[in-house]
Amino acid sequence: MTDEELKQLIESNARTAQAMLDAMTEARFERQELREGMINLQNAVERLTNIQEGITNLLASLDEDRPTILRKLTAIERKVDRLLEQENEESTKSE
């Protein structure tokens, strides 16, 4: 092998090694971006889980309060009915 061929082989190996190093650096950056994306995804899932828990608790609370609300609405409805009956009786008496 001549000196020129040896020099070309060394340059070729150097270019190959540099290309491999560049590829490794790029892969490292991509892995870092992937890690950051996974962390963001985990945080988002955690927030969604907390929101879902809150909604579940709210719905459970509403289910517990429903009978009380229905009783109050029924009481209001009865009072309105009585007032309307009284109004009808008074208007009938005044005619």
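Per chain, residues are indexed from 1 in the order of the written sequence. Confidence filtering applies because this is a predicted model: local features only for residues at pLDDT of at least 70, side-chain atom pairs given and counted only at 80 or more, and all residues used for totals across whole chains, interfaces and linings. The basis for the side-chain values is all heavy atoms of the structure; hydrogens and waters are excluded.

### Focus on the overall build of the protein
A helix here means a DSSP run of H or I that spans at least four residues, while a strand means a run of E at least two residues long, and both kinds are numbered starting from the N terminus. In terms of helices and strands, the protein carries one helix and zero strands. Summarising its shape, the C-alpha atoms of the protein cover approximately 130 × 30 × 10 Å along the three principal directions. Looking at the 95 residues of the protein, the share that counts as buried comes to 0%. The Shrake-Rupley method, run with a 1.4 Å probe sphere, supplies the accessible areas, and residue values consider only the shown protein chains as cover. When the accessible surface of the protein is split by element, carbon and sulfur atoms take 57% of a total near 9,000 Å². Exposure classes here rest on a 1.4 Å probe applied to the protein chains alone. A residue is buried below 20% of its type maximum, exposed above 50%, and partly exposed in between.

### What about helix 1 (residues 3-94)?
One fewer than the residue count of a helix, multiplied by 1.5 Å, yields its expected span. Across its 92 residues, helix 1 extends 128 Å between first and last C-alpha, which sits within 8% of the 136 Å expected from 1.5 Å per residue. Think of it this way: the bend at a residue is just the angle between two axes, each fitted to seven residues, one set ending at that residue and the other starting at it. Asp-65 marks where helix 1 bends most, by close to 40°; the proline Pro-67 follows one to four residues later.

### A few points about the environment of Ala-44
Among the secondary structure elements, Ala-44 is positioned in helix 1. Judged by its relative accessible area of 23%, Ala-44 is partly exposed. As a C-alpha pair, Ala-44 and Leu-34 span 10 residues in sequence and 15 Å in three-dimensional space.

### Description of a negative patch on the surface
On the surface, a cluster of negative charge is contributed by Glu-77, Asp-81, Glu-85, Glu-87, Glu-89 and Glu-90. Note on placement: Glu-87 falls in helix 1. Its relative accessible area of 53% is what places Glu-87 among the exposed residues. The patches described consist of residues with a relative accessible area above 30% and no salt bridge, like charges being joined within 9 Å and nonpolar side chains (Val, Leu, Ile, Met, Phe, Trp, Tyr) within 5 Å. By definition here, a salt bridge exists when the distance from a side-chain nitrogen of Lys or Arg to a carboxyl oxygen of Asp or Glu is within 4 Å. When charges are tallied, Lys and Arg are placed among the positive residues and Asp and Glu among the negative ones, while His and the ends of the chain are skipped. Here the site of a charge means NZ on Lys, CZ on Arg, CG on Asp, or CD on Glu.

### So, a nonpolar patch on the surface
Among the surface-exposed residues, Leu-48, Ile-51, Ile-55, Leu-58, Leu-59 and Leu-62 lie close enough to one another that they form a single nonpolar patch of about 590 Å² accessible area. Its location among the elements puts Leu-59 in helix 1.

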